[in-house]
Amino acid sequence: GRLQEAQLQERKSLLALKHLLDHAVQVLALWKVVTVDHQLHLLGQQPNFPSDLRMSLKTMLVRDLLLQSGASVCAALIDALIRRYLDDAASTDQISEKLRHVCPLLYRDEDALCAKVNEQLMRCATDPSLQQQPQGRQQLLRQTLDACKQIPGRLQLASVCQQLAANQFYSGVVELCCVAADKLD
């Protein structure tokens, strides 16, 4: 009775401690990627870097970063890092792989797929070689749509549909909206 209950409580405590330690290791690994590998001060100078995040980073303690309140900061740092790659018209594959490796609880496969979708949509809109090859552009848009269909709940649907429409891929807008509606039902 009491012994089993005590053992159960001890097991729960140890599992919670393990979860906290796993989370701490991943947050610190993300911090290393952001500060050492990608120079946080350069990320903070991006024009679209949220000013409230900049202020939070100046006053936040490591403890706060590790606790629940730090989750939004970690997500914003990841977004800023991915945005930096997209703004430089660089592939997100390498940074996505690194993030999935060092902090898989903070950056999941779905996040990497979202980054790839944004990269491909930007490429369709800006790559001159794709403008010259309508078939290749259409194929890339179709691949992007297929990726979107895998993660409709993770997408900023209005933004993705706007980008698909800007690329005159109207059938893709309709398909994606139908898939997203099915997932919501």
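In case you missed it, the structure is sitting above this.
This part takes up the environment of Q138. Structurally, Q138 can be placed in helix α9 (residues 134-150). Residue classification places Q138 among the partly exposed positions, given a relative accessible area of 40%. It is 8.1 Å that separates the C-alpha atoms of Q138 and F169, two residues lying 31 residues apart in sequence.

Another point: a nonpolar patch on the surface. On the surface, a cluster of nonpolar side chains totalling about 360 Å² of accessible area is made up of L14, L17, L20 and L21. Along the chain, the position of L21 falls in helix α1 (residues 2-37). On the basis of relative accessibility, which here comes to 49%, the residue L21 falls in the partly exposed class.

Right, let's talk about the packing of helix α5 (residues 70-87) against helix α6 (residues 93-102) for a bit. A pair of packed helices can be characterised by two numbers: the angle between their axes and the separation between those axes. Following both chains from N to C, one finds α5 and α6 inclined at 160°, their axes separated by 10 Å at the closest point. Here α5 lies roughly antiparallel to α6, going by the angle between them. Once α5 is placed against α6, the crossing between them reads as right-handed. Contact residues: I78, L81, I82 and Y85 in α5; I95, S96 and L99 in α6. Of the residues assigned to the contact of α5 with α6, the class counts are 6 nonpolar, 1 polar and no charged.

Secondary-structure assignment places E119 in helix α7 (residues 109-126). Classification of E119 as buried rests on a relative accessible area of 15%. Excluding its chain neighbours within four sequence positions, the residues that come into contact with E119 are L86, A90, S91, T92 and D93.

The next point concerns the pattern of salt bridges. Per the stated rule, a full pass over the model turns up 13 salt bridges. Between K18 and D22 there is a salt bridge, and its shortest N-O distance comes to 2.8 Å. You can see K18 and its partner D22 sitting in helix α1, 4 residues apart, about one turn around the helix. Given a relative accessible area of 31%, D22 falls into the partly exposed group. Between E119 and K116 there is a salt bridge whose closest N-O contact spans 3.1 Å. Placement of the pair is E119 and K116 together in helix α7, with a separation of 3 residues, close to one helical turn.

Time to look at the nonpolar core. Counting residues in each nonpolar core, the largest one holds 28 residues, and the members touching the most others are L30, L81, I82, L99 and Y107. By residue number, the principal contributor to this core is α5, which donates 9 residues. Beyond its immediate chain neighbours, meaning those up to four positions away, L30 contacts C74, I78, L99, C103 and L106. The next biggest cluster of nonpolar side chains, apart from the first, holds 18 residues, and it includes L130, L140, C148 and V173.

Definitions and cut-offs
- Residues numbered from 1 in each chain as written.
- Predicted model: local features only at pLDDT ≥ 70, side-chain atom pairs only at ≥ 80, totals over all residues.
- Heavy atoms only, no water.
- Helix = DSSP H or I, 4+ residues; strand = E, 2+ residues; numbered from the N terminus.
- Buried < 20%, exposed > 50% of the residue type's maximum accessible area, 1.4 Å probe, protein only.
- Patch = residues over 30% accessible without salt bridge, like charges linked within 9 Å, V, L, I, M, F, W, Y side chains within 5 Å.
- Areas by Shrake-Rupley, 256 points an atom, 1.4 Å probe, with all protein chains shown as cover.
- Salt bridge = Lys/Arg side-chain N within 4 Å of Asp/Glu carboxyl O.
- Axes fitted to C-alpha atoms, helices over the stretch in contact; angles between N-to-C directions.
- Parallel < 35°, antiparallel > 145°, perpendicular 65-115°, else oblique.
- Left-handed = near helix turned anticlockwise from the far one by under 90°.
- Contact = heavy atoms within 4.5 Å.
- Nonpolar A, V, L, I, M, F, W, Y, C, P; charged D, E, K, R; others polar.
- Core = buried A, V, L, I, M, F, W, Y, C linked by side-chain atoms within 4.5 Å.

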